[in-house]
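Observations on the three-dimensional arrangement
If you want the building blocks of each chain, they are given just below.
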Amino acid sequence: MSTYIFGHTTPDSDSIIGAISLSYLKNQLGEDTTPTRQGEINPETQFILDRFRFKAPELKTTYAKESVYLIDFMERSQSPKDIDEATVLGIVDHHKLGDLTTNSPLEMWVRPVGCSNTIVKQMFDYYGVEIPKNLAGIMMCAILSDTVMFKSPTCTKEDTKACKELAKIAEIEDYKSLGMEMFIVKSDVLNATTEELVLRDFKDFNMGGVKIGVGQLEVVDLSVFDNMKDDLFSAMRKIKDEGDRDTVLLLLTDIMQEGSQLLVVSDSLSKIERAFNVNLDNSEIWLPKVMSRKKQIIPFLEQQF
Ligand code: MG
Ligand code: MG
Ligand code: MG
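These notes cover the structure that comes with them.

Reading guide: rules and limits
- Residues numbered from 1 in each chain as written.
- Chains lettered and ligands numbered in written order.
- Predicted model: local features only at pLDDT ≥ 70, side-chain atom pairs only at ≥ 80, totals over all residues.
- Heavy atoms only, no water.
- Helix = DSSP H or I, 4+ residues; strand = E, 2+ residues; numbered from the N terminus.
- Buried < 20%, exposed > 50% of the residue type's maximum accessible area, 1.4 Å probe, protein only.
- Donors = N, O, S within 2.8 Å, 3.2 Å for Na, K, Ca; no water.
- Pairing = 2+ DSSP bridges.
- Contact = heavy atoms within 4.5 Å.
- Axes fitted to C-alpha atoms, helices over the stretch in contact; angles between N-to-C directions.
- Phe/Tyr/Trp six-rings, centres within 6.5 Å; stacked < 30°, edge-to-face > 60°.
- Lys NZ or Arg CZ within 6 Å of the ring centre and 35° of its normal.
- Left-handed = near helix turned anticlockwise from the far one by under 90°.
- Nonpolar A, V, L, I, M, F, W, Y, C, P; charged D, E, K, R; others polar.
- Expected span 1.5 Å × (residues − 1).
- Arc of directions from axis to C-beta.

**So, unusual backbone geometry**
Glycine aside, residues mostly have negative phi, and peptide bonds are mostly found in the trans state. Even without being glycine, valine 148 reaches a positive phi, approximately 45°. Checked against the element boundaries, valine 148 lands in the loop between helix 4 (133-146) and helix 5 (157-170). For phenylalanine 150, which is not glycine, the phi dihedral falls at a positive 75°. Relative to the helices and strands, phenylalanine 150 resides in the loop between helix 4 and helix 5. When its relative accessible area of 18% is taken as the criterion, phenylalanine 150 is described as buried.

**Re the coordination of the magnesium ion (ligand 2)**
In this structure, Asp14 (OD), Asp72 (OD), His94 (NE2) and Asp146 (OD) serve as the protein donors to the magnesium ion (ligand 2), at separations of 2.1 to 2.2 Å. When the donors of the magnesium ion (ligand 2) are listed by position in the chain, the intervening gaps give D-x57-D-x21-H-x51-D. Separating the magnesium ion (ligand 2) from the magnesium ion (ligand 1) is a distance of 3.4 Å, and aspartate 72 supplies a donor atom to each of them. Of this pair, aspartate 14 sits in helix 1 (residues 13-28) while histidine 94 sits in the loop between strand 5 (87-93) and strand 6 (107-110), and the two are 80 residues apart along the sequence. What makes aspartate 14 buried here is its relative accessible area of 0%. For histidine 94, a relative accessible area of 4% gives the class buried.

**Digging into the sheet that holds strand 4 (residues 67-71)**
As summarised here, the arrangement of the six strands in space is 3-2-1-4-5-6, forming an open sheet in which the pairing is parallel. The open sheet has two edge strands, strand 3 (58-59) and strand 6, and neither has a second partner. Here strand 1 (residues 3-6) pairs with strand 2 (residues 33-37) via three bridges, running parallel. Its bridge partner being in strand 2, isoleucine 5 is matched across the sheet by proline 35. Strands strand 1, strand 2, strand 4, strand 5 and strand 6 of the sheet are contacted by helix 1, whose axis makes an angle of about 175° with strand 2.

**Some thoughts on the packing of aromatic side chains**
Between two aromatic rings, the relevant description is the distance of the centres plus the angle of the planes. Counted under the stated rule, the structure contains eight aromatic pairs. Between tyrosine 24 and phenylalanine 124, the ring centres sit 6.2 Å apart and the planes meet at 20°, which makes this aromatic pair stacked. With tyrosine 24 in helix 1 and phenylalanine 124 in helix 3 (residues 116-127), the pair connects residues that are 100 residues apart, well separated along the chain. Centroid distance tryptophan 109 to tyrosine 126: 5.5 Å. Interplanar angle 75°. Geometry classified as edge-to-face. Of the two residues, tryptophan 109 sits in strand 6 while tyrosine 126 sits in helix 3, which places them 17 residues apart along the sequence. According to the relative accessible area criterion, tyrosine 126 is exposed, its value standing at 59%. Chaining the aromatic ring pairs together yields one cluster made of Tyr4, Phe6, Tyr63 and Phe73. The residue whose ring lies beneath lysine 60 is tyrosine 4, and the NZ or CZ to ring-centre distance is 4.9 Å.

**Quick look at the pairing of strand 4**
Of all five residues in strand 4, four are buried; the element is thus mostly enclosed. As paired elements, strand 1 and strand 4 share three bridges and run parallel to each other. Opposite isoleucine 5, over in strand 4, you have tyrosine 69 as the bridge partner.

**Section: the coordination of the magnesium ion (ligand 1)**
Of the protein atoms, only His8 (NE2), Asp12 (OD) and Asp72 (OD) coordinate the magnesium ion (ligand 1), at distances of 2.1 to 2.3 Å. Mapping the donors of the magnesium ion (ligand 1) onto the primary sequence gives the spacing H-x3-D-x59-D.

**Some remarks on the sheet that holds strand 7 (residues 202-207)**
An order of 7-8-9-10-11 is seen for the five strands of this open sheet, with the pairing classed as mixed. The two strands at the open ends of the sheet, each matched to only one other strand, are strand 7 and strand 11 (284-288). In this sheet, adjacent strand axes meet at a mean angle of 25° when their direction is disregarded. In this structure, strand 7 lies alongside strand 8 (residues 210-219), joined through six bridges in antiparallel fashion. Within the sheet, the bridge partner assigned to phenylalanine 205 lies in strand 8 and is isoleucine 212. The strands touched by helix 8 (residues 229-242) within the sheet are strand 7, strand 9 (247-254), strand 10 (259-266) and strand 11, with strand 10 carrying the most contacts at an inclination of about 50°.

**Points about the packing of helix 1 against helix 4**
Two numbers describe how helix 1 lies on helix 4: the axes approach to 9 Å, and their chain directions differ by 145°. Along this stretch, helix 1 crosses helix 4, giving a crossing that reads as left-handed. Between helix 1 and helix 4, the contacting residues are Ser13, Asp14, Ile17, Ile20, Ser21 and Tyr24 on the first element and Leu135, Ile138, Met139, Ala142, Ser145 and Asp146 on the second. When its residues are assigned to classes, the contact of helix 1 with helix 4 shows seven nonpolar, three polar and two charged.

**Thoughts on helix 6 (residues 175-186)**
An ideal rise of 1.5 Å per residue puts 16 Å on twelve residues; helix 6 measures up with 17 Å between its terminal C-alpha atoms. For helix 6, the full list of buried residues reads Tyr175, Leu178, Gly179, Met182, Phe183 and Lys186. Looking down the long axis of helix 6, one finds its buried residues gathered within 140° of arc, a one-sided arrangement. Those residues of helix 6 that are buried are in contact with helix 2 (43-51), helix 4, helix 5, helix 7 (194-200) and strand 8.

Given below as structure tokens:
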């Protein structure tokens, strides 16, 4: 029986490509694995897969009685509902220690780097397995995406090193212009409903017993949202109410200005203001230099909740 490998709910490029790259490595090492995904492919990921001629992993949302590897997450709130009935053989991740536990010993590759695919690259090197050209291409794109082309504070020397080595294998000299193409695709927010936009890169966290959802949209120019604010707020309110959440935040990240406009819908407004030491103006505020949900948002929320 095949072992499934998948990333978090509402998968991003790192989760999808990580499932593909880790599955390829595991299969080379003699295991029988299949990459899967827990949700729809976003436009950026589709662009990357098309560019290097990969098919999307199959959609699969239940895993009872299956063996699995998790990549790019270890939070219960980002897992399939029946994760407790699956056997987790291993985790490859670059997030904070989550709240999942396992019944048996497991393999863990967890490093404080900017992208799960950086860790997968290090695993290829560790096992001495060659990376095919096209696989190197998508892994490189995953790193450019997760590190916002090395601009995110989560980016480490290990990420830039892995990315450059992958670019070499993929024979792509100007990887930054490919990265820019990717973010321009990501900036096209006109072909989606506002609810789809809020949920495009959305993560739930359980903090002190309350559910907090944080979405992020990374674009090359924030003006794309100019006529959309009211609709974004109503979509956030709907998502908050329907999902029984205490708070829904949306980060509109401008990758050129290197900062984020934070939109807030919350039953705990004063906690949010304290977390970021700000006074919200009409439920929003510009946070200069803030680009990373993982490093610059979640830890401060955890402190307050
Ligand atoms: Mg991710
Ligand atoms: Mg990631
Ligand atoms: Mg991200």
